[in-house]
Amino acid sequence: LYRRYGLWFRLRKLIIWLLGVYIAIPFLVKLCPAIQAKLVFLNFVRVPYFIDLKRPQDQGLNHTCNYYLQPEEDVTIGVWHTVPAALWKNARGKDQLWFEDALGSSHPVILYLHGNAGTRGGDHRVELYKVLSSLGYHVVTFDYRGWGDSIGSPSERGMTYDALHVFDWIKARSGDNPVYIWGHSLGTGVATNLVRRLCERETPPDALILESPFTNIREEARSHPFSIYRYFPGFDWFFLDPITTSGIKFANDENVKYISCSLLILHAEDDPVVPFHLGKKLYNIAATSRSFRDYKVQFVPFHTDLGYRHKYIYRSPELPRILR
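Computed from a prediction, not measured in an experiment: that's the story for all the values here.

(A) Representation of the sheet that holds strand β1 (residues 64-72). A sheet is described by the order of its strands in space; here 8 strands give the open sequence β1-β2-β4-β3-β5-β6-β7-β8, paired in mixed fashion. Bordering the open sheet on either side are β1 and β8 (297-302), each of which pairs with just one other strand. When the angles between neighbouring strand axes are averaged without regard to direction, this sheet yields 20°. On the sheet, helix α7 (residues 186-200) packs against β3 (109-113), β5 (179-184) and β6 (207-211) and is oriented at approximately 145° with respect to β5.

(B) Highlighting helix α2 (residues 33-41). Regarding α2, the residues found buried are Q36, A37, V40 and F41. What you see down the axis of α2 is that its buried residues fit within an arc of 130°, all on one side. L42 lies just past α2 and shows a positive phi near 50°.

(C) The packing of aromatic side chains, seen in detail. The final tally for this structure, using the stated rule, is 13 aromatic pairs. Taking the centre distance of 5.3 Å and the plane angle of 85° together, the rings of F142 and Y144 count as edge-to-face. Of the two residues, F142 and Y144, neither departs from the other in class, the shared state being buried. Between F276 and F299, the aromatic rings sit 5.6 Å apart at their centres with planes inclined by 65°, giving edge-to-face as the arrangement. In this pair, F276 sits in helix α11 (residues 276-287) while F299 sits in strand β8, placing the two residues 23 residues apart along the sequence. With relative accessibility at 21%, the residue F276 sits in the partly exposed group. Members of the aromatic cluster, connected to one another through ring pairs, are F41, F142, Y144 and W147. Taking NZ or CZ as reference, R196 lies 4.0 Å from the ring centre of Y258, over its face.

(D) A look at a nonpolar patch on the surface. Together, W8, L11, L14, I15, W17, L18 and V21 make up a nonpolar patch on the protein surface, roughly 700 Å² of accessible area in all. Secondary-structure assignment places V21 in helix α1 (residues 2-31).

(E) The arrangement of the environment of D236 in detail. Along the chain, D236 falls in helix α9 (residues 235-245). On the basis of relative accessible area, D236 is assigned to the partly exposed category, the value being 29%. Measuring from C-alpha to C-alpha, the distance between D236 and F302 comes to 31 Å, with 66 residues separating the pair along the chain. Residues contacting D236, with those up to four places away along its chain left out, are R218, R222, D241 and P242.

(F) Here's a closer look at the pattern of salt bridges. Per the counting criterion, the structure on display carries 13 salt bridges. Of the charged contacts in the structure, one is a salt bridge between D149 and R120, with a shortest N-O distance of 2.8 Å. Here the residue D149 occupies a position in the loop between β4 (138-142) and α6 (156-174), and R120 occupies one in the loop between β3 and α5 (123-134), the gap between them amounting to 29 residues. Overall, R120 belongs to the buried group, its relative accessible area being 0%. A salt bridge links E127 to K130; the nearest nitrogen and oxygen atoms lie 3.5 Å apart.

(G) Structural view of the UniProt feature "domain: AB hydrolase-1" (unreviewed entry) in the protein. Mapped onto this structure's residue numbering, the UniProt feature "domain: AB hydrolase-1" (unreviewed entry) falls at residues 108-213. In this annotation, residues 108-213 is assigned 43% helix and 20% strand; the end-to-end C-alpha distance for the span is 23 Å.

(H) Structural detail: the nonpolar core. Membership of the largest hydrophobic core comes to 63 residues, with the highest contact counts inside it found for F41, L111, L113, F142, I181, L208 and F250. With residues near it in sequence (within four places) discarded, I181 still touches L111, L113, F167, A191, L194, V195, L198, P205, A207, L208 and I209. Core analysis: the second largest hydrophobic core is formed by 25 residues, L61, W80, L264 and F302 among them.

(I) Broad picture of unusual backbone geometry. V47 connects to P48 through a cis peptide bond whose omega is -10°. Tracing the backbone through its elements, the reader meets P48 in the loop between α2 and β1. Even without glycine at this site, L42 takes up a positive phi of about 50°. In this fold, L42 is placed in the loop between α2 and β1. Notably, D74 is not glycine yet its phi reads approximately 70°, a positive angle. Its place among the elements puts D74 in the loop between β1 and β2 (75-82).

Thresholds applied
- Residues numbered from 1 in each chain as written.
- Predicted model: local features only at pLDDT ≥ 70, side-chain atom pairs only at ≥ 80, totals over all residues.
- Heavy atoms only, no water.
- Pairing = 2+ DSSP bridges.
- Helix = DSSP H or I, 4+ residues; strand = E, 2+ residues; numbered from the N terminus.
- Axes fitted to C-alpha atoms, helices over the stretch in contact; angles between N-to-C directions.
- Contact = heavy atoms within 4.5 Å.
- Buried < 20%, exposed > 50% of the residue type's maximum accessible area, 1.4 Å probe, protein only.
- Arc of directions from axis to C-beta.
- Phe/Tyr/Trp six-rings, centres within 6.5 Å; stacked < 30°, edge-to-face > 60°.
- Lys NZ or Arg CZ within 6 Å of the ring centre and 35° of its normal.
- Patch = residues over 30% accessible without salt bridge, like charges linked within 9 Å, V, L, I, M, F, W, Y side chains within 5 Å.
- Areas by Shrake-Rupley, 256 points an atom, 1.4 Å probe, with all protein chains shown as cover.
- Salt bridge = Lys/Arg side-chain N within 4 Å of Asp/Glu carboxyl O.
- UniProt positions renumbered as here; feature names shortened; annotations may be inferred.
- Core = buried A, V, L, I, M, F, W, Y, C linked by side-chain atoms within 4.5 Å.

Following this line, the structure appears as structure tokens:
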């Protein structure tokens, strides 16, 4: 009986301690909005670990060059440029100048904006570069300030400015070749911010592709399956308001009302990170927006049985046809 009582006492003590931590965390987040911002960006998570971002060839990208660009003073971003597979043999051993000149070849360019966590060398991202390269696209991607080996502090404004800088850098070298913008997950928020700005200055891209998009960051945070506090009293006040206080909105649902170019949305029904219904809701907003009245807006769902989830749509054998 003594042993049972001692075990119950320790168990009860542990439960009380865990309950105290559970209740304390919302107050901690409210008092320190920077915590919530870090959870949105997850830029401190560098998976896969121990890769040298200066050597994309280590990831099987033998036709890729690593650059460093400087969007602003004290900000440096790491960039990968993968040429179309047709140029693979010519690209071997070439320097940065050759790769920059290659952007002027008669191949379209995709500017890829990745999601939170990881780096431009993430496994599923590398696989997508390979697929797009095999389809005849240049692929230019980069790590936002604060990600990977890029220098600077992450913010929505900074991420958008980095993307704008890289887009302008591409356009200065690509001539009349089409330039498409592809955003994935959190990168869809950067993509719509960027394209809205480009449309407002009357230099829109040739098309916008959103993979696994959400409507806005508040709805995504509220719907995120890992949000164990979603039913906590005052959830919005404790968790969502600090995101807004940190200047993080990623308002895709508002941005699409000001975008004037073709739009393609890709979303897997079994996406466990960004719920499928948010991508569908964004499509419905865009499809009825006056800004798209002269442009094609398409939503392509991927059935649950395919198992593409949040980051494996690149595996679809239908992707080449869809992009065409």
